[in-house]
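# Architecture at a glance
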Amino acid sequence: VQLQASGGGLVQAGGSLRLSCAASGRTFSSYYMGWFRQAPGKEREFVAGISWSGGSTLYADSVKGRFTISRDNAKNTVYLQLNSLKPEDTAVYYCAADKSPAAIVVRTTVPEYWGQGTLVTVSS
């Protein structure tokens, strides 16, 4: 699976962005999908995850209620809607895919596939 993330940019605090991650291949619906982020000087952290069908989602406490993950299996795309953005949301956002929920939900393993990252910068 190849992943291509897009949609990052510069936005003022309180603003919104929608990130997209397009996947290649015909087995997209077989993969749990997740979004992670890495801020300058910090470790990569989990942001949100979504199950194969999209029926189950999970969020980091820091983004709960502000970010929404969704997927369109017909378009092989996963989205991350970012609302009420804060300067501390500034980071490179990566999408990830794995056939096992362990890598996205429980995070006991590292997801097998990663996109190239898209930069989100939130100004105060």
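Heads up: the structure comes first, above all this text.
Structure report, in brief. Counting of residues starts from 1 at the beginning of each chain's written sequence and follows it residue by residue. Two thresholds apply to this predicted model, a pLDDT of at least 70 for residue-level local features and 80 or more for giving and counting side-chain atom pairs, whereas whole-chain, interface and lining totals are computed over all residues. Here the side-chain values reflect all heavy atoms present in the structure, with hydrogen atoms and water set aside.

## Quick word on the overall build of the chain
Spelled out, the test is: Helix and strand assignments come from DSSP, with helices taken as H or I runs of at least 4 residues and strands as E runs of at least 2, each series counted from the N terminus. In this setup the radius of gyration rests on C-alpha atoms only. A globule is expected at 2.2 Å times the number of residues raised to 0.38. A simple rule labels every residue: compare its accessible area, found with a 1.4 Å probe on the protein chains alone, to the largest value its type can have, and call it buried under 20%, exposed over 50%, or partly exposed in between. Residue contacts are defined here by distance: any two heavy atoms, one from each residue, within 4.5 Å place the two residues in contact. For accessible areas, the Shrake-Rupley method is used with a probe of radius 1.4 Å. Any residue's cover is judged against the shown protein chains and nothing else. When charges are tallied, Lys and Arg are placed among the positive residues and Asp and Glu among the negative ones, while His and the ends of the chain are skipped. By convention, charge coordinates are those of NZ in Lys, CZ in Arg, CG in Asp, or CD in Glu.
A count of helices and strands for the chain gives 1 helix and 11 strands. Scanning the chain from its N terminus toward the C terminus, one meets helices and strands in the order β-β-β-β-β-β-β-β-β-α-β-β. In terms of overall dimensions, the chain is globule-like: its C-alpha atoms have a radius of gyration of 13 Å, near the 14 Å expected for 124 residues. In terms of overall dimensions, the chain has a C-alpha envelope of 40 × 30 × 25 Å along the principal axes. Every one of the 124 residues in the chain was classed for burial, and the buried ones make up 43%. Pairs at least 24 apart in sequence give 57% of the contacts found in the chain among residues at least 6 apart. Just so you have it, the chain exposes about 6,300 Å², and 48% of that area is on carbon and sulfur atoms. Side chains of the chain carry 12 positive and 8 negative charges; the gap between the two charge centres is 5 Å.

## A look at the sheet that holds strand β1 (residues 3-6)
Operational definition: The pairing criterion is simple: DSSP has to find at least two bridges between the two strands. Only the stretch in contact is used when a helix axis is fitted, and all axes are lines through C-alpha atoms; the angle between N-to-C directions ranges over 0 to 180 degrees.
Pairing is antiparallel across the open sheet formed by 4 strands, whose spatial order is β1-β3-β8-β7. The open sheet has two free edges, formed respectively by β1 and β7 (67-72), since each of these has just one partner strand. Averaged over all adjacent pairs, the angle separating strand axes in this sheet is 15°, with direction ignored. Relative to strand β3 (residues 17-23), β1 is paired through 4 bridges, and the arrangement is antiparallel. Note on β3: the bridge partner recorded for glutamine 4 is alanine 22.

## What to know about the pairing of strand β4 (residues 32-38)
Within a regular strand, side chains alternate between the sheet's two faces. Across the 7 residues of β4, 6 count as buried, placing the element largely inside the fold. Note that β4 and strand β9 (residues 91-98) share 7 bridges and pair antiparallel. Bridge assignment links arginine 37 to a residue of β9, and that residue is tyrosine 93. Two elements, β4 and strand β5 (residues 45-50), share 5 bridges in a ladder whose sense is antiparallel. Its bridge partner lying in β5, methionine 33 is registered against isoleucine 50. The hairpin turn running from β4 into β5, its antiparallel successor, is 6 residues long, and glycine 41 in that turn takes a positive phi close to 75°.

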